2 protein chains.
Amino acid sequence: MMKIALAQLNFYIGDFEQNTSRICEYIERAKSENADIVVFPELAVCGYPPRDFLEFNDFIARCQYALDTIAKNCVGIAAIIGCPTINPNIQGKPLYNSAVFLSEGNIVSTHHKALLPTYDVFDEYRYFEPGRTFHCITYKETKIALTICEDLWNIGNDPLYVVNPMDELLKEQPELIINIAASPFHYKQAEVRQSILQANVAKYKIPLIYVNHVGAQTELLFDGGSMVINAKGQCIKQLNFFTEDFSVVEPSLQAISNDASGLSSASSEAQRIHDALIMGIHDYFAKLGFQKAILGLSGGIDSALTLVLAAKALGADNVRAVLLPSQFSSQHSVDDAVELATNLGCQYDIIPIESAYQSLESTLQPYFKGTAFSIAEENLQARLRAVILMALSNKFGYILLNTSNKSEAAVGYGTLYGDMCGGISVLGDVYKTQVYELSRYINKDKIIIPENTINKPPSAELRPNQKDSDSLPDYDLLDKILFEYIENRMGPAELVQLGFDEKIVARVCRLVNTSEYKRYQTPPILRVSPKAFGMGRRLPIVARYLS
Amino acid sequence: MMKIALAQLNFYIGDFEQNTSRICEYIERAKSENADIVVFPELAVCGYPPRDFLEFNDFIARCQYALDTIAKNCVGIAAIIGCPTINPNIQGKPLYNSAVFLSEGNIVSTHHKALLPTYDVFDEYRYFEPGRTFHCITYKETKIALTICEDLWNIGNDPLYVVNPMDELLKEQPELIINIAASPFHYKQAEVRQSILQANVAKYKIPLIYVNHVGAQTELLFDGGSMVINAKGQCIKQLNFFTEDFSVVEPSLQAISNDASGLSSASSEAQRIHDALIMGIHDYFAKLGFQKAILGLSGGIDSALTLVLAAKALGADNVRAVLLPSQFSSQHSVDDAVELATNLGCQYDIIPIESAYQSLESTLQPYFKGTAFSIAEENLQARLRAVILMALSNKFGYILLNTSNKSEAAVGYGTLYGDMCGGISVLGDVYKTQVYELSRYINKDKIIIPENTINKPPSAELRPNQKDSDSLPDYDLLDKILFEYIENRMGPAELVQLGFDEKIVARVCRLVNTSEYKRYQTPPILRVSPKAFGMGRRLPIVARYLS
């Protein structure tokens, strides 16, 4: 059987010149390694997700031009690549999401994605008409069923679509399935993906080549993990996670061992999230052309973990920590923060906010006189910190990292335009209890995050002796309710049935729903769970449901 | 022929108790006015758009319960109402977007929307399976084709869908079309909507009843304008724009005059935007349970116009203007702002930011020493103003109004966490040139906005003698390019072909695309154009297209 190259690359959305030149480079490499065909991911030509750039005729024209250039480079080797193509019919959406088969300098055939994910972070029916006809490719006497990502996912007990493309393609008796994908990471996705692909092989009894994107596109983190499954359902090759990878494989080979589980389950959930977040930070900076990050280091666990991840992603030299103590900050907070920055070798500064706070207090005094210390004064501190961090960011070209966790973001325990600022939110999809797990994972070989940071009770330190537990249920309990409400969309009755207290449930649901206005204005969040705040969770700001 | 009641109401998303009780109240009213049937808008039971609340089983169960309650109230009268219903099939999305026919206490039949808008602000295929079977209702010996909003919109030369529900329904020879809708406002939509509806009547030659939502749902402004078109294509009744309305009509009637144009074109574009924004502000506050607004009043035209609109929406007593002059503010700015607040009778305060600015400057001095005055110091002023406004907002329960216009939002001419703050953006979908038009409209009978505010060159006043035109093309030119790029999705070559300078085009496109990260974090924007920033325009933050 023929040799197939899998090119798992990190693309730049809309950078046609660079994408095209890298694709052509990998076509050459595949040829030099005697591959018969090289496979690139879904919409590789323009990067994924191009979103509303797809509505610009100019963008589509550049896709077509790039595709023609790539086709001309396919001499002595064939290629399969994802590209938007124009729907020539009068009726329907103007584009298809296509897999294009290139050979001998030409576009030989074009195959349209039939199942268009339009849920969670996906908006594909916003742009694309579904493919309705199905035909295989024949290349070097092998009949190949060419499918795009979701096309293979309609195989469970609760199918989301009324057609199944592989059932149609099977009528032509293909010998191989190729699936080009843009399947973003979450901490369970590697298993889900592998089980879906193996279910296809089990059903259709032919080998499967799967080529995914890798690299971060703002919120969406593509973890790669491309793979080859032989006709027996054995995963005979899996490409690396979180880095570019390339491999030439014969899909008819046997597995070396009988282990059909592949390599994806080798890592723990904490390790995967850790690796994903580091890639997410790294690519956000690299793709925007920034080197340096800044963040407010409070002595608490969220900013500590964010700093460690940023130092790993960007290098300790490129991360600047700023301690911004107020009159309510405890000495241990400053000590813990300094200890961490020292452990990492990061630059840090201590910039007390007291004099700026007092100046604003006296500016506001004529209007506030006679009122008690309230949320206004608490938020004032958080906002002054943001003003200072953003001033340093603007002056020296840092991107400010947001350090809020998912539990806080969920219940609105944060100050808009204060600690909710930043270019990117590192932990906004990581619950507080997971923040602890990740911190322990970081410390597994040696203590980097001070133990005191991990062990002390969480506090925003915006008023004397404040503790998070003054206003919120304990995070162990809170996170369990949030997970069922956010990830599993359980309603109040269902939550009570799961054993949670009715009053606490009502309060948590209300906090989540009435904080929608805050989340609307916060930075993009690196997505690591199946249901992250951001593009994948869309709720009205003005509503009266459970609120 | 029978008498039909149109109930054009303002619903609260997720407030089943209130929605149900108002629906039942209007069923009673229709009965008391001898209507045979009363028609409510699309998804009236839960409000539109419910967005991801549709993914909560609890939410759907409440819809079903509300629908049953409403059905029980339909005795001696029939009703048609929109409600999500469960897809009983194994395959496909779990819900339908349905029109339900209620009579004699029962749910008589359910009709599913076939064309699911999934573009711009619409995400319907995210939730709903399209209807694939079509049947008419027969009630009081009249056969009625029941359709839902988009179902009638596939009638142009460039159809977006491969089916046309009315062509299918026509096979049963209906005598009347009823369309229940959730069709949001933009400044051209009234004409578009009427021409689409009249095209249907022209094609099918039967009368049409159209019932729309009214009221604001954060960004989306529903303008009502429900109507009845007789079989000759004459608009025999049009309900009010921007307010709730109710009417009982016999659709077979003749128009009193031969004017088939209806009432919608009677108002100018400026007047419509004016009315829409006032409704948008009013409902945002009313539905969140807030009375009072605060805003920074600079003496410039954007904050002036915002203040006038807010005073009209909330009452002058409920709007507080704060002047926040710095060392760079000119005396005329303060004078113009005071004059406006006085004209309106709004409370205003003058809170100079100089001492707070100097305090922060000395806090930052050890880090900034040796650097030149830069964007960091400019932004610092804007952010200090936001800190003061938000402190007042938090202390006294105001919602801060954002005053940025669409031209600024487009090119990123604004300070994140500074003047880009606010609970809702009033002018974020109004280009600067439209801001002038609206201001002239406001002043048409008597001068409310000082002429100096309208006539002086725009300036951010963040450094000495700064003018917007130092950094940006003149707004007349800028807005024309922005309109073609944003509303019409023209690419650089097309823009040059329209006669714009190539370098300016490249610069404007780059500014728009590289400002995506700023717009991601700004308040929801009241949508008045066919392409507003926000939920209807989704672009990657990290990309390299025209940037």
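Structure shown above.
What you see is a predicted model; the values in this text were computed from it and never measured.

About the criteria used
- Residues numbered from 1 in each chain as written.
- Chains lettered and ligands numbered in written order.
- Predicted model: local features only at pLDDT ≥ 70, side-chain atom pairs only at ≥ 80, totals over all residues.
- Heavy atoms only, no water.
- Contact = heavy atoms within 4.5 Å.
- Buried area = accessible area lost by both parts, 1.4 Å probe.
- Salt bridge = Lys/Arg side-chain N within 4 Å of Asp/Glu carboxyl O.
- Polar contact = N/O pair within 3.5 Å; in protein donor to acceptor, adjacent residues only side chain to side chain.
- Helix = DSSP H or I, 4+ residues; strand = E, 2+ residues; numbered from the N terminus.
- Pairing = 2+ DSSP bridges.
- Axes fitted to C-alpha atoms, helices over the stretch in contact; angles between N-to-C directions.
- Buried < 20%, exposed > 50% of the residue type's maximum accessible area, 1.4 Å probe, protein only.
- Least-squares fit on C-alpha atoms with pLDDT ≥ 70 in both.
- Expected span 1.5 Å × (residues − 1).

Trainee: I keep staring at the interface of chain B and chain A and nothing clicks. Help me out?
Mentor: Frequently, the measure chosen for interface size is the accessible area removed from exposure when the parts meet. At the junction of the two partners, chain B supplies 106 residues and chain A supplies 106 residues. Among the residues of chain B in contact with chain A, B:Val542, B:Arg544 and B:Tyr545 are the three that bury the most area, contributing 9% of the side total. At the surface where chain B touches chain A, the tally comes to 10 salt bridges. Of the charged contacts, one joins B:Lys531 and A:Glu55 as a salt bridge, the two residues approaching to 4.0 Å between their closest N and O atoms. For the interface between chain B and chain A, the tally reads 48 residue pairs in polar contact (both at pLDDT 80 or more). Those elements giving two or more residues to the side of chain B that touches chain A turn out to be helix H1 (16–32), helix H2 (57–72), helix H5 (269–288), strand E17 (347–350), helix H8 (354–368), helix H9 (375–396) and helix H15 (492–497) of chain B. In terms of residue count, H9(B) provides more of the side of chain B that touches chain A than any other element does, 15 residues in total.

Trainee: Please explain unusual backbone geometry as it appears in this structure.
Mentor: With the exception of glycine, the majority of residues adopt a negative phi angle, and the majority of peptide bonds are in the trans configuration. Residue and element names in this part refer to chain A. The step from Tyr48 to Pro49 runs through a cis peptide bond, and the omega angle for that step is 0°. As for its position among the elements, Pro49 is in the loop between strand E2 (37–39) and helix H2 (57–72). One non-glycine residue, Arg51, lies in the positive phi region at around 50°. Along the chain, Arg51 falls in the loop between E2 and H2. For Thr218, which is not glycine, the phi dihedral falls at a positive 55°.

Trainee: How do you make sense of the sheet that holds strand E8 (residues 176–180) of chain A when you look at a structure like this?
Mentor: Hydrogen bonds between backbone atoms are what pair the strands of a sheet, whose relative direction is either parallel or antiparallel. All names here are of chain A. Strands sit in the order E6-E7-E8-E9-E12-E13 across an open sheet of six strands; the sheet is mixed. The sheet terminates laterally at strand E6 (137–139) and strand E13 (235–238), the two strands that pair on one side only. Strand-to-strand twist across the sheet, computed as the mean angle between neighbouring axes with direction ignored, equals 20°. Sheet topology places strand E7 (residues 142–148) next to E8; five bridges connect them, and they run parallel. In the strand pairing of E8, Ile148 is matched with Ile180.

Trainee: Looking at this structure, how should I read the pairing of strand E18 (residues 399–402) of chain A?
Mentor: All names here are of chain A. Residue alternation in E18 divides its side chains into two sets, Ile399 and Leu401 and Leu400 and Asn402, and both sets are buried. In this sheet, E18 lies alongside strand E15 (residues 293–296) in parallel orientation, the contact comprising two bridges. Its bridge partner lying in E18, Ala293 is registered against Ile399. Bridging between E18 and strand E19 (residues 424–425) involves two bridges; their strand directions are parallel. Across the sheet, residue Leu401 finds its bridge partner in E19, namely Ile424.

Trainee: Which parts of the structure should I look at to understand the relation of the copies chain B and chain A?
Mentor: The operation relating the pair of chain copies consists of a rotation about an axis and a translation along that axis. Each copy superposes on the other: chain B lies on chain A with an RMSD of 0.0 Å after a rotation of 180° and an axial shift of 0.0 Å. Taken together, these values place the two copies in the relation of a two-fold axis. For chain B, the smallest separation between a C-alpha atom and the rotation axis is recorded for B:Gln521, amounting to 2.1 Å. A share of 100% of interface residues in chain B that are also interface residues in chain A marks the association as one of identical surfaces.

Trainee: It is not clear to me how the pattern of salt bridges should be interpreted in this structure. Could you clarify?
Mentor: Pairing is possible between side chains that carry opposite charge, provided their charged atoms lie close to one another. Under the counting rule described, the total for this entry stands at 66 salt bridges over all chains. Between B:Arg193 and B:Asp223 there is a salt bridge; the shortest N-O distance is 2.7 Å. Placement of the pair is B:Arg193 in helix H4 (residues 189–204) and B:Asp223 in strand E11 (residues 220–223), with a sequence separation of 30 residues. Of the two residues, B:Arg193 and B:Asp223, neither departs from the other in class, the shared state being buried. Salt-bridge contacts for B:Lys444 lead to B:Asp445; the nearest nitrogen and oxygen are separated by 3.6 Å. Taken together, the salt bridges that share partners define one network made up of A:Arg51, A:Asp123, A:Arg538, B:Arg51, B:Asp123 and B:Arg538.

Trainee: Help me understand H4(B) in this model?
Mentor: Each α-helix turn comprises 3.6 residues. Residues three or four places apart therefore point the same way. Residue and element names in this part refer to chain B. For H4, with 16 residues, the first-to-last C-alpha span of 22 Å sits near the 22 Å given by 1.5 Å per residue. Listed in full, the buried residues belonging to H4 are Gln189, Ala190, Arg193, Gln194, Ile196, Leu197, Gln198, Asn200, Val201 and Tyr204. Just beyond H4, the residue with positive phi is Lys205, at close to 60°.

Trainee: What's the story with the pairing of E11(B) in this structure? I'm lost.
Mentor: Along a regular strand, successive side chains alternate from one face of the sheet to the other. Residue and element names in this part refer to chain B. Alternating residues of E11 divide into Leu220 and Phe222 and Leu221 and Asp223, and every residue in both groups is buried. One ladder, built from four bridges, connects strand E10 (residues 214–217) with E11; its direction is antiparallel. Across the sheet, Gln217 pairs through a bridge with Leu220, a residue of E11. With antiparallel pairing between neighbouring strands as the criterion, E10 and E11 make up a hairpin whose turn holds two residues, including Thr218 at a positive phi of roughly 55°.

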